[in-house]
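Survey of secondary and tertiary structure
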Amino acid sequence: MKQLLISAWLSLSSVLAASAADRIFINDAAIVSPPDQAPVIDAISWLNRGLFSITSPSLLGIPLAYESQHTLFFTNTAGGVMTGDPGFRFFQNVGSRRLWMDTWTNSGPITTDHLNIFGSGLGIFSVFDSQASVLMVRSTNIASTGPLRSGAHGLIHLEGKNVNLKRNALWTGFTPQPSFFSFGSSVLSSNYVNDFGVREGWWGLGTNNTLNGQGAGMRIDNLGGTPQFRLPDPSSPTHEVVRLFGNFPFTFLERLPLPLPFGFNPSNYTAAVLTNQLPGSATNFVVQVVFYPTNYPDPNLTTEVQFLPDFVGEANNGASIPVVAFHSTDFDIVDQVFTTDSIYLSDALGVVTNAFLAVNGVGNSRRPNTYQLSHLAPANFGFFGFQTNAIFTPALLWRPSFQFNVVTNRYAAYDASIGTVASTALTNGGTLTNFPGRIQVIGEEVNLEQTRIRAESALVIKASKNLTSNQLARVDAPWVNFDATTLAPRMIISNLAPATVRRLSGDIAAWSATWKNFETNSSPTNEFFFHVLIVDARFTNVQPVVVNEFAAHAANLIICDKLNIGKSFLAEAHGLDIKGGLSLPLGASWGATNFLGVVDFTNEGIINILQLAKAGTDRPFPYDNYINRGTNTAAAHFIRTLNFENSGSIIANAGLLRLDALTASMMGPPLVIFNDPTPIVTFNPFPPFGFVTNFISITNSYGAVLEGNSDVQIFARDLVVSNSFLQAGIIQHGSLIFSVTNSLVDSGQSGINHWLGTAGFQMLTLPRTSDLLATYLTSVASGFGQDSFHTWAAEDRGPTVAGYNNNLALGKLTLNGATNSLFHFGAPSGQTGRALYVDYLELLNYATNFNLALDISPDITIYFANSNLNPLKLDNSTGGRLHWISGFTGPLSSTNITYPDGRTFTFNTALVTSRDLDSDGDGIVNADDPTPLPEPNSTGLQITMTKGYQVQLSWRAKAQSTSRVEYVSGPAANNWQVLTNIINGPTNGTLKALDSSPAAGKRFYRVRVNP
């Protein structure tokens, strides 16, 4: 074993060979090799401390990545710089076997790419082809702090047991470099190869806008028809093009710009103009105009036009080559600078005499040889290009002094799509794991703390035993695969998948034409050569990020990114907290198979499940905690948990929403509901026929939301609600179903609840504690003749205010019915003597026909304190099952009246506003009476003692009133006992009562007189 030390410059023609199994290879200087003359390194250890730039040999025309022999240990120091064309493969190569290295350490920059020079058809272009560009490492231990780079079609693959990329930078991408070669006929070619991602749509070349040249001349005076050479909405003439169908060419007619949806045409065009006079000629002029779209909504997408000189001058007519460039600006997270990705369309129709359709060297498509489309800047762009030198007016192309308003023109037409590397790979049948331009990090122990990764197409991360840190600085990749396990207390998914990344793609179409005209009012006659190019470009520079495969194994998993899953998702964790978002692919559900062992779940982001979401219902044990503070949407929700908390939105947009919990709370921010002033006009197809105008209520601030497209079912021991919004039946019909056994309460008038059912509601049980006076429940029968069914489990305590105490009393009940709809009410199955006590009863539309629209079973009675209809008409209607309780004063049934002595009393609103009642018998109906009811203290109660120590009480009472005499033992006591009840006769009078059972101490008395 010997040591080989390289410390001299290796010339371009020299070859360096190390004998087999050297102990160490050291480079301290600069090694730069041409193709097929790369040095041979055969050493156990390889240390690079200088420049190592290798162009590797090829096999059957395919470039081979550089590899050493027998190397177990590799180190590139901070001073080492390595470049490889097409790249490097770091293995322990033993004969034909590729084994893993022991240790691979890098502190300096390593860059791989493949430079391919080829004739473009218009000039010589430098293109990073990169299909063989690779930086591959397989080693037990990998540690890198130096930046690693490869081409847009390249690969960075790091695989080991211990992979430490802390604070490292990994990058694959396309960095075009302009060429200084010029355009000219000497480089025009009958064959071409498209730049990556370019795919032809159609093409055309001919005379007078026909392929065979037999068409009529082109009218140019802008007096109707096409073309229209004007701003802001120019248009080309209708012209013939060829498109492939089933690999067979067919002729079609096209016109630019291509129409937008609904037949609209773009109108955001501007024009670049270059005019010049032929050198040495006073009568020959050239006018070139480029119409191109601008004003993209994204300020990072811009357009520019340059006119490149024709140095060779095939046509020798003084024209230039217009180039339209589309630029997308992005911030490079690796280099921390702004970079630009561009598409360049060049049109040489004005300088080319021999125009023809060139043949795609790898396909059956064609392209006019006058066009060039590439990510690379054409020759001399930005160095010798001319900017516009005139302001466009239609008079540049036509004025009455011209000899012809119909001209013979030569035209070219072309359409192509430009895809990203990833989209092109998908179109060609590729999968994420073989995308060009991808980065793969695979290991047992992986450290990605503050690592910056920019992948042109895809990023693959796999840590099979322990992701020691994934506090990524940032990732920029349109496709991601992630599979990791951590031994840390929690795994945080952050900066792994932004919502979008910038990759330029889209469609571009062009039409160009040349013609001559003459101005005859001058002597001698002026000759004009015209070249017009119209470009229609539909580009986008934003691509959504897809996490194709995701698997995470941790004690606690926190997802801060918004993950858009493309193929599969697996979360194995005790605790799962989604702060960003999660969208599962079509066909994927939420269940025990892909949410393994989840016990504590919290959502603070946005979840979208296209199939079922089963949380604790498809396994033996429920969730411990199911907490939702964000938006959680699935086709249907089945939730089984010990504790349920919702202050956000849970929506089953295609079916049932069912909740089983011990304790549940739905407490959200206040709802803001307003009436939309825009009328909705619909046609009623049933009698009476005609158009119906409605105004709808809009909610623009939601509280705690539960919505199901069919039923919403809640089964719980304890449920508390505040500012909740429940809806059963979003599009379909659905029923609200409750079974709460211990406690069902709302939070009072500061947190109104709005509940709605489109197929009725069912309250199956009476909790031990219940109060819903701050809850508004609506039942809608929207279909013609629809029946809806309702049950309620409260006790029937008769027409007394006691029915509102701890008895599922409801704040508001709204029944809104379509024509011939029917609202059924009954007791829950197996129960009798049930009631529904309502503070405010609202009947709308057909439900106002209450004797027809309400079907109330004998086993239930509806009591109400106020209504939008006359309560006297409702009282005792519907077979005696509907009753008004005028003595109850609830939040929606009470009003305050100040009497002449200055005291204010609270009365039932419907009672004191009635025009049918005179409660105090003074001849004035309550609605017009400033004192409609006797004052609570107007009874004139007097108390005297008899000789036998009995107490005698006397008071005034109105006719037909009921008096209730009560007492307590002291002024602080509130346990009032009934002494007697007395019904007065048909006239006003004084009533008396005797307490014949005096007790030791004092008694305090009061009398209640009810009309």
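Remarks on the overall build of the chain
What the chain contains, in helices and strands, is 4 helices and 86 strands. In the chain, which comprises 1011 residues, the share counted as buried stands at 52%. Across the chain, every contact between residues at least 6 apart in sequence was considered, and the portion connecting residues at least 24 apart equals 60%. As displayed, the chain offers around 41,900 Å² of accessible surface, 54% of which is attributable to carbon and sulfur atoms.

Regarding unusual backbone geometry
In the segment running from leucine 231 into proline 232, the intervening peptide bond is cis, with an omega of 10°. Within the fold, proline 232 resides in the loop between β23 (218-219) and β24 (239-245). The omega angle of the peptide bond from leucine 256 to proline 257 is 0°, so this bond is cis rather than trans. Here proline 257 lies in the loop between β25 (248-254) and β26 (269-277). Phi is positive for asparagine 247, close to 70°, though the residue is something other than glycine. Tracing the sequence through the fold places asparagine 247 in the loop between β24 and β25. Backbone geometry places glutamine 336, a non-glycine residue, at a positive phi of 60°.

Describing the confidence of the model for the chain
When pLDDT is averaged along the chain, the result is 87; 89% of the residues meet or exceed 70. Low pLDDT, under 50, characterises residues 178-187; the stretch is placed with 36 contacts to residues that sit more than four places away or in other chains. Segment residues 680-689 is flagged for pLDDT under 50; beyond a separation of four residues in sequence, or across chains, it makes 18 contacts in the model.

Quick notes on the environment of asparagine 106
The topology assignment puts asparagine 106 in strand β13 (residues 101-106). Measuring from C-alpha to C-alpha, the distance between asparagine 106 and proline 147 comes to 8.7 Å, with 41 residues separating the pair along the chain. Aside from chain neighbours lying at most four places away, what touches asparagine 106 is Asn76, Ala143, Ser144, Thr145, Gly146 and Leu148. Among the polar contacts made by the side chain of asparagine 106, one reaches the main-chain carbonyl oxygen of glycine 108 at a distance of 2.9 Å.

Some details on the sheet that holds strand β18 (residues 148-151)
Picture the strands of a sheet paired through backbone hydrogen bonds; they go either parallel or antiparallel. Taken together, the 8 strands give an open sheet; going across it, the order is β3-β5-β9-β14-β18-β20-β37-β39, and neighbouring strands pair in parallel fashion. The open sheet terminates on both sides in strands that have one partner only, identified here as β3 (30-32) and β39 (474-476). Shown here is a sheet whose adjacent strand axes are inclined to one another by a mean of 5°, direction ignored. For strand β20 (residues 169-173) and strand β37 (residues 452-454), the ladder comprises 3 bridges, and the chain directions are parallel. Directly across from tryptophan 171, in β37, lies its bridge partner arginine 454.

Some points on the packing of aromatic side chains
Inspection of the entire model under this criterion finds 48 aromatic pairs. Where tyrosine 623 meets tyrosine 626, the ring centres are 6.2 Å apart and the plane angle is 35°; that geometry is what we call tilted. Taken individually, tyrosine 623 and tyrosine 626 each receive the classification buried, so the pair is uniform in this respect. Among the aromatic residues, those joined into a ring-pair cluster are Phe229, Phe285, Phe291, Phe392, Trp398, Phe402, Trp511, Trp515, Phe528 and Phe530. Between arginine 1006 and the ring centre of tryptophan 976, over which it is positioned, the NZ or CZ distance is 3.9 Å.

Regarding the pattern of salt bridges
In this structure the tally under the stated criterion is 29 salt bridges. The salt bridge partner of glutamate 159 is arginine 138, with a shortest N-O separation of 2.8 Å. Linking glutamate 159 in strand β19 (residues 155-164) with arginine 138 in strand β17 (residues 134-144), this pair joins segments that are 21 residues apart in sequence. Notably, a salt bridge pairs aspartate 233 with arginine 230, separated by 3.3 Å at the nearest N-O pair.

Here we look at the environment of phenylalanine 518
With respect to the element layout, phenylalanine 518 can be found in strand β43 (residues 505-519). Considering only alpha carbons, one finds phenylalanine 518 and serine 401, 117 residues apart in sequence, at a separation of 8.4 Å. When residues no more than four places from it in sequence are discounted, the contact partners of phenylalanine 518 are Ser401, Phe402, Gln403, Phe404, Thr525, Asn526 and Glu527.

Considerations on the nonpolar core
Membership of the largest hydrophobic core comes to 134 residues, with the highest contact counts inside it found for Phe482, Trp590 and Trp792. Core analysis: the next-biggest nonpolar cluster, separate from the first, contains 30 residues, Ala412, Leu504, Leu533 and Val535 among them.

What about the sheet that holds strand β29 (residues 321-332)?
Overall, antiparallel pairing links the 4 strands, which are arranged β28-β29-β30-β33 in an open sheet. Lying at the two open borders of the sheet, with one neighbouring strand each, are β28 (301-308) and β33 (371-374). Within the sheet, the average angular offset between the axes of one strand and its neighbour, ignoring direction, is 25°. One ladder, built from 8 bridges, connects β28 with β29; its direction is antiparallel. Its bridge partner being in β29, threonine 302 is matched across the sheet by histidine 327.

Observations concerning the environment of threonine 602
Within the secondary structure layout, threonine 602 lies in strand β52 (residues 600-603). What makes threonine 602 buried here is its relative accessible area of 16%. C-alpha of threonine 602 to C-alpha of glycine 630: the two residues are 28 residues apart in sequence and 9.0 Å apart in space.

Quick word on the side chain of threonine 303
As for its placement among the helices and strands, threonine 303 is situated in strand β28. Excluding residues that lie within four positions of it along the chain, threonine 303 makes contacts with Tyr292, Pro293, Tyr296, Val324, Ala325 and Phe326.

Section: the pairing of strand β9 (residues 81-85)
Note that strand β5 (residues 51-55) and β9 share 5 bridges and pair parallel. Bridge pairing links phenylalanine 52 to methionine 82 in β9. Relative to strand β14 (residues 110-112), β9 runs parallel, the two sharing 3 bridges. The partner of methionine 82 across the bridge, within β14, is isoleucine 110.

What counts, and at which threshold
As a convention, each chain's residues are numbered from 1 in the sequence order in which they are written. For a predicted model such as this one, the threshold for reporting local features is a pLDDT of at least 70, and the threshold for listing and counting side-chain atom pairs is 80 or more; totals across whole chains, interfaces and linings nevertheless cover every residue. Computation of side-chain values: all heavy atoms of the structure, hydrogens and water removed. Working definition: helices are DSSP H or I runs of at least four residues, strands are E runs of at least two. Numbering for both runs from the N terminus. When a residue's accessible area, from a 1.4 Å probe over protein chains only, is under 20% of the maximum for its type it is buried; when over 50% it is exposed; and in between it is partly exposed. Note on definitions: a residue-residue contact is assigned when non-hydrogen atoms from the two residues lie within 4.5 Å. Only the protein chains shown count as cover for residues, and the accessible areas themselves come from Shrake-Rupley with a 1.4 Å probe. In predicted models, pLDDT denotes the confidence assigned by the predictor to each residue on a 0 to 100 scale. Contacts described as polar in this section are N or O atom pairs within 3.5 Å, which, within protein, must combine one atom able to donate a hydrogen with one able to accept it, while residues neighboring in sequence count only if both atoms come from side chains. Strands were regarded as paired on the criterion that DSSP finds at least two bridges between them. Working convention: axes come from line fits to C-alpha atoms, limited for helices to the stretch in contact. Angles between N-to-C directions cover 0 to 180 degrees. Aromatic pairing here means that ring centres of Phe, Tyr or Trp (its six-membered ring) are within 6.5 Å. Orientation follows from the plane angle: under 30 degrees is stacked, over 60 is edge-to-face, and everything else is tilted. Ring-over charges, as used throughout, are those where CZ of Arg or NZ of Lys falls within 6 Å of the ring centre and within 35 degrees of the ring normal. By definition here, a salt bridge exists when the distance from a side-chain nitrogen of Lys or Arg to a carboxyl oxygen of Asp or Glu is within 4 Å. The criterion is simple. A nonpolar core is a set of buried Ala, Val, Leu, Ile, Met, Phe, Trp, Tyr and Cys residues joined through side-chain atoms within 4.5 Å.

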